[in-house]
Amino acid sequence: MAKEIKLLGVTIDDRLTFNTHIKNVCRKAIAVHQQLCRAAKVSWGLNPEVIKIIYVAVIEPIVLYAASVWAPAASKLGIIKQLRVLQRGIAQKMCKAYRTVSLNSALLLAGILPLDLRIREVALLYEAKKGVAQELLGDREMERMASALDSPHPAARVDLEIGRVMDQEQIDASANSEIKIYTDGSKIEGRVGAAVSIWIGNTETRTLKLALANFCTVYQAELLAICRATKEIRRSTAESFGIYSDSMAALQTVKNHGCLHPLAVETRDNLKAISRQAKIVNLYWIKAHAGIEGNERADALAKEAAINSKKKPDYDLCPVSFVKRHARMVTLDEWNHRYNTGQTASITKMFFPDAVAAYRTIRKVGMNAIRTQIMTGHGGFSEYLNRFKCKENPSCICDPNTLETVPHILLDCPIFAQERYTIECELDTRIQKDKIGEIIKGRNRIKFLEYCENLANKTIKRNKNTV
Ligand SMILES: [Zn+2]
């Protein structure tokens, strides 16, 4: 009898665990990683940016495939261990770190998140889209994409064009539509509103103010306004209409039949019904804040709708982006907790005391081999060289009783007093352990890193000559 079956790329074994699946997935990812290793060494080869692209586009998807099915298995210790081994090697390559660097340091400097947490995040997102992640959504209902099966046959589609209007003059010149409808959406003070302003000639004849739930996006508001505009047109007895929106994203969503956003689908249904009524509708993108009267009006109404609304929202489906952001926050929190309570990465913590902030700044820092040596302490410094039996003496040449570590070199070593004095004057701060985190976050980062690199290079060179 077969010990396991493979179903749509997921291996299930005879004890109904996903252990074999995860083992296979890791093996596959490691194979890619090994290819990568041949092309990426600490001092030469693929640069970290390229490795990161390969990781995000190839390795992570291999592991995350169908994660929603087997995610609960990823919290088993044995499986977490396998994932850690896999990710540590890759993260080290990504930041050009020595092979002795800890997982936490390597992950932080590579700017990637622990795989087991990513697996949980992907699974959560999948469940939320299916509407089962009660814990995350609370009493909110998820905005679900329409089914492609329900969309009209390509032959039955109404082709849509989007005109462009840059100012009031062009609107007046293109006065071929009887009724002009301006739509807008707005987010202000954390609240969301949308509005429709209907004009005949130079007179506004009717307005609609719509409120959306606070977690909704401006994009949803823009779409809602366009959708309501088409609903108004269905009811109207006039024959030609123009819909004017300043959101190209929303207009494109309506135009693109492949987009299954529920509001876009409803809008297209309305437009189809309108064309059966032998009415003409033109869609226009208008430049925002270009002094177009109708647009200014819709903008003001949308803001009013957002701020003043006390009624139940007209639209309150939760966008996928909200769930994504929420799931990411949960991941970052857990990651930060792990990083801070972990025994490893003590020198990395001096530069990045907070993993959440680091995840955001690390891209701006721009990692390279020397910076990684400084931020991990794993490099050509006597204390490290001695620890790994490459040098007999772990102490600095300034004092036989002081270990030559990164903090010593940067903060205390008298040999570099001159350099330290110069940079302290330049940055107008003392170079102290508890100040480094702030410096790295701020705009003096580059100057400070230059100082670190200068000292590290001198130290490493000195050690090379004495080994
Ligand atoms: Zn010293």
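Residues numbered from 1 in each chain as written. Predicted model: local features only at pLDDT ≥ 70, side-chain atom pairs only at ≥ 80, totals over all residues. Heavy atoms only, no water.

## Some remarks on the nonpolar core
Next up, step 1: If you look at the biggest cluster of nonpolar residues, it comprises 78 residues, and the most contacted ones within it are Phe351, Phe352, Leu410 and Phe448.
Next up, step 2: When residues in this core are grouped by element, the largest group, 7 residues, is from helix α21 (residues 445-466).
Next up, step 3: Counting contributing residues, this core receives three or more from each of domain 1 (4-139 + 326-343) and domain 3 (379-466).
Next up, step 4: Not counting chain neighbours up to four residues away, the residues in contact with Phe448 comprise Phe351, Ile423, Leu427, Ile431, Ile436, Ile439 and Ile440.
Next up, step 5: If you look at the next biggest cluster of nonpolar residues, it comprises 41 residues, including Leu137, Leu208, Leu263 and Leu271. (Core = buried A, V, L, I, M, F, W, Y, C linked by side-chain atoms within 4.5 Å. Buried < 20%, exposed > 50% of the residue type's maximum accessible area, 1.4 Å probe, protein only. Helix = DSSP H or I, 4+ residues; strand = E, 2+ residues; numbered from the N terminus. Domains from an automatic or database assignment. Contact = heavy atoms within 4.5 Å.)

## Observations regarding the side chain of Thr372
Next up, step 1: With respect to the helices and strands, Thr372 occurs in helix α16 (residues 369-376).
Next up, step 2: Sequence-distant contacts of Thr372, that is, excluding residues within four places in its chain, are made with Cys95, Lys96, Ala97, Leu109, Met367 and Gly377.

## Quick word on the coordination of the zinc ion
Next up, step 1: Coordination of the zinc ion by the protein involves Cys396 (SG), Cys398 (SG), His408 (NE2) and Cys413 (SG), with metal-donor separations of 2.1 to 2.4 Å.
Next up, step 2: In primary sequence terms, the donor set of the zinc ion follows C-x1-C-x9-H-x4-C.
Next up, step 3: Among the residues examined, His408 registers a relative accessible area of 8% and is labelled buried.
Next up, step 4: By relative accessible area, which is 1% here, Cys413 ends up buried. (Donors = N, O, S within 2.8 Å, 3.2 Å for Na, K, Ca; no water.)

## Side note on the pairing of strand β9 (residues 280-286)
Next up, step 1: In terms of strand pairing, strand β4 (residues 162-165) meets β9 through 4 bridges, oriented parallel. Opposite Gly163, over in β9, you have Tyr284 as the bridge partner.
Next up, step 2: Where strand β8 (residues 240-245) lies against β9, 6 bridges are found, and the strand directions are parallel. Its bridge partner lying in β9, Tyr244 is registered against Tyr284. (Pairing = 2+ DSSP bridges.)

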